[in-house]
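Coordinate inspection notes
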Amino acid sequence: MLTRKQHELIRFIQTRLEETGVSPSFEEMKEALDLKSKSGVHRLISALEERGFIRRLPNRARALEVLRQPDDVAGAIAAKAPAAAPSNVVELRPAPKPAAPAPANDVIEIPLHGRIAAGVPIEALESDRSLPVPAALLGPGEHYALEVSGDSMIEAGILDGDYALIRRTDVARDGEIVVALVRDEEATLKYLRRENGMVRLDPANSAYEPQIYRPGEVQVQGKLAGLLRRYH
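A brief report on the enclosed structure follows. These numbers were taken from a predicted model, which means no experiment stands behind them. (Residues numbered from 1 in each chain as written. Predicted model: local features only at pLDDT ≥ 70, side-chain atom pairs only at ≥ 80, totals over all residues. Heavy atoms only, no water.)

We now examine the pairing of strand β7 (residues 177-182). The buried fraction of β7 is high, at six of six residues. Here β7 shows a buried face lined by Ile-177, Val-179 and Leu-181 and a second buried face lined by Val-178, Ala-180 and Val-182. As defined by bridge partners, β7 adjoins strand β8 (residues 186-195) across six bridges and the pair is classed as antiparallel. Residue Leu-181 lies in a different strand from β8, and its bridge partner there is Ala-187. In this antiparallel pair of consecutive strands, β7 and β8, the connection spans three residues, and Arg-183 shows a positive phi of 55°. (Buried < 20%, exposed > 50% of the residue type's maximum accessible area, 1.4 Å probe, protein only. Helix = DSSP H or I, 4+ residues; strand = E, 2+ residues; numbered from the N terminus. Pairing = 2+ DSSP bridges.)

So, on to the packing of helix α1 (residues 4-20) against helix α3 (residues 38-50). Relative orientation of the contacting elements α1 and α3 amounts to 85°, with a least axis distance of 10 Å. Between α1 and α3, the interaxial angle falls into the category roughly perpendicular. Where α1 approaches α3, its residues Lys-5, Gln-6, Leu-9 and Ile-10 are matched on the opposing element by Leu-44, Ile-45, Ala-47 and Leu-48. (Axes fitted to C-alpha atoms, helices over the stretch in contact; angles between N-to-C directions. Parallel < 35°, antiparallel > 145°, perpendicular 65-115°, else oblique. Contact = heavy atoms within 4.5 Å.)

Along the chain, Ser-46 turns up in helix α3. Of the residues examined, Ser-46 reaches a relative accessible area of 2% and is grouped as buried. Beyond its immediate stretch of four places on either side in the chain, Ser-46 contacts Arg-56, Gly-141 and Glu-142.

Over its 17 residues, α1 extends 24 Å from the first C-alpha to the last, a length consistent with the 24 Å expected when each residue adds 1.5 Å. Of all the positions in α1, only Gln-6, His-7, Leu-9, Ile-10, Phe-12, Ile-13, Gln-14, Arg-16 and Leu-17 are classed as buried. (Expected span 1.5 Å × (residues − 1).)

What follows concerns the nonpolar core. If you look at the biggest cluster of nonpolar residues, it comprises 27 residues, and the most contacted ones within it are Leu-9, Met-29, Ile-45, Leu-131 and Leu-165. Counting only elements with at least two residues in this core, the list comes to α1, α2 (26-32), α3, β2 (64-66), β3 (107-115), β4 (130-134) and β6 (163-167). Among the elements that take part in this core, α1 stands out by supplying five residues, more than any other. Beyond its immediate chain neighbours, meaning those up to four positions away, Leu-131 contacts Ile-108, Glu-109, Ile-110, Leu-112, Ala-145, Tyr-163, Leu-165 and Leu-228. Core analysis: the second largest hydrophobic core is formed by 13 residues, Tyr-144, Ile-166, Leu-189 and Ala-204 among them. (Core = buried A, V, L, I, M, F, W, Y, C linked by side-chain atoms within 4.5 Å.)

Under the defined criterion, the tally for this structure stands at 14 salt bridges. Its salt-bridge partner being Glu-28, residue Arg-16 comes within 3.1 Å of it at the nearest N-O pair. Linking Arg-16 in helix α1 with Glu-28 in helix α2, this pair joins segments that are twelve residues apart in sequence. Overall, Glu-28 belongs to the partly exposed group, its relative accessible area being 30%. (Salt bridge = Lys/Arg side-chain N within 4 Å of Asp/Glu carboxyl O.)

Turning our eyes to something else, we now look at the packing of aromatic side chains. Scanning the entire structure with this criterion turns up zero aromatic pairs. The ring of Tyr-191 has Arg-193 lying over it, and the distance from NZ or CZ to the ring centre is 5.3 Å. (Phe/Tyr/Trp six-rings, centres within 6.5 Å; stacked < 30°, edge-to-face > 60°. Lys NZ or Arg CZ within 6 Å of the ring centre and 35° of its normal.)

Residues Leu-131 and Val-133 line the buried face of β4, whereas the alternating positions Ser-130, Pro-132 and Pro-134 sit on a face that is not buried. With five bridges joining them, β3 and β4 adopt antiparallel strand pairing. Note that in β4 the partner of Val-107 across the bridge is Pro-134.

Following the sequence through the fold, Glu-31 ends up in helix α2. On the basis of relative accessibility, which here comes to 55%, the residue Glu-31 falls in the exposed class. The sequence separation of Glu-31 and Val-41 amounts to ten residues, and the corresponding C-alpha distance is 9.8 Å.

A word on the environment of Leu-48. With respect to the helices and strands, Leu-48 occurs in helix α3. Placed 39 residues apart in sequence, Leu-48 and Leu-9 show a C-alpha to C-alpha distance of 9.3 Å. The residues contacting Leu-48, other than those within four sequence positions of it, are Leu-2, Gln-6, Leu-9, Ile-10, Phe-53 and Ile-54.

Strand order in the open sheet formed by nine strands is β4-β3-β5-β6-β11-β7-β8-β9-β10, and the pairing between neighbours is mixed. Looking at the sheet topology across the chains shown, the edges are occupied by β4 and β10 (211-213). Looking at each pair of strands side by side, their axes are set apart by 45° on average, direction ignored. Examined bridge by bridge, strand β9 (residues 198-202) and β10 share three bridges and lie antiparallel to one another. Paired with Leu-201 across the bridge in β10 is Gln-211. The sheet contacts of α3 involve β3, β4 and β5 (143-147), and relative to β3 the element is tilted by about 120°.

Interpretation in functional terms is not warranted from these geometric data alone.
Listed below in structure tokens is the structure:
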């Protein structure tokens, strides 16, 4: 079963595809669903994509495809008589295949949560800001961006002022670069390693020492999926 907002979004996307052959923009989806920010649209799209209802088409701007209908909707449509459907049934028709436009760079917008700073958990950095990102830099799942502060990861090629593209997750393997929340107080970007029953957060700068904590003191809030850099 989908949430009401997920139903509304998949209906809106399909209607727009039928009318114009082009997916709606994030701004259009935000206004149609009466959401406060584009980050809410991104979360809905990621949830529908993970569950196999829609997919992003590669190498095409603003390209979404409806893959299937929710089971409750599909069953109601298949069983209904020619008479009008009950008012509580959401009716979705298969989207026509739009004509393929010229290849373009597919760009999506993800939430930008500010700089990684001591004493500020990621949840406290929520904002209405967003960052346009080439879809090729992101895989499946929900993502957000953080502006890197400091030089603790320079030997991994991550510099002060870079934008770290983070896939939201609470699990990670040894050796992966993660956003870790330490003691519910400090968010930091480091290599994650487990050693002798402890958690070690390793910087990528020989001038800094590893940080070692008990497992209960560290919470993974995402892992690095990509990096954006501005050149001035």
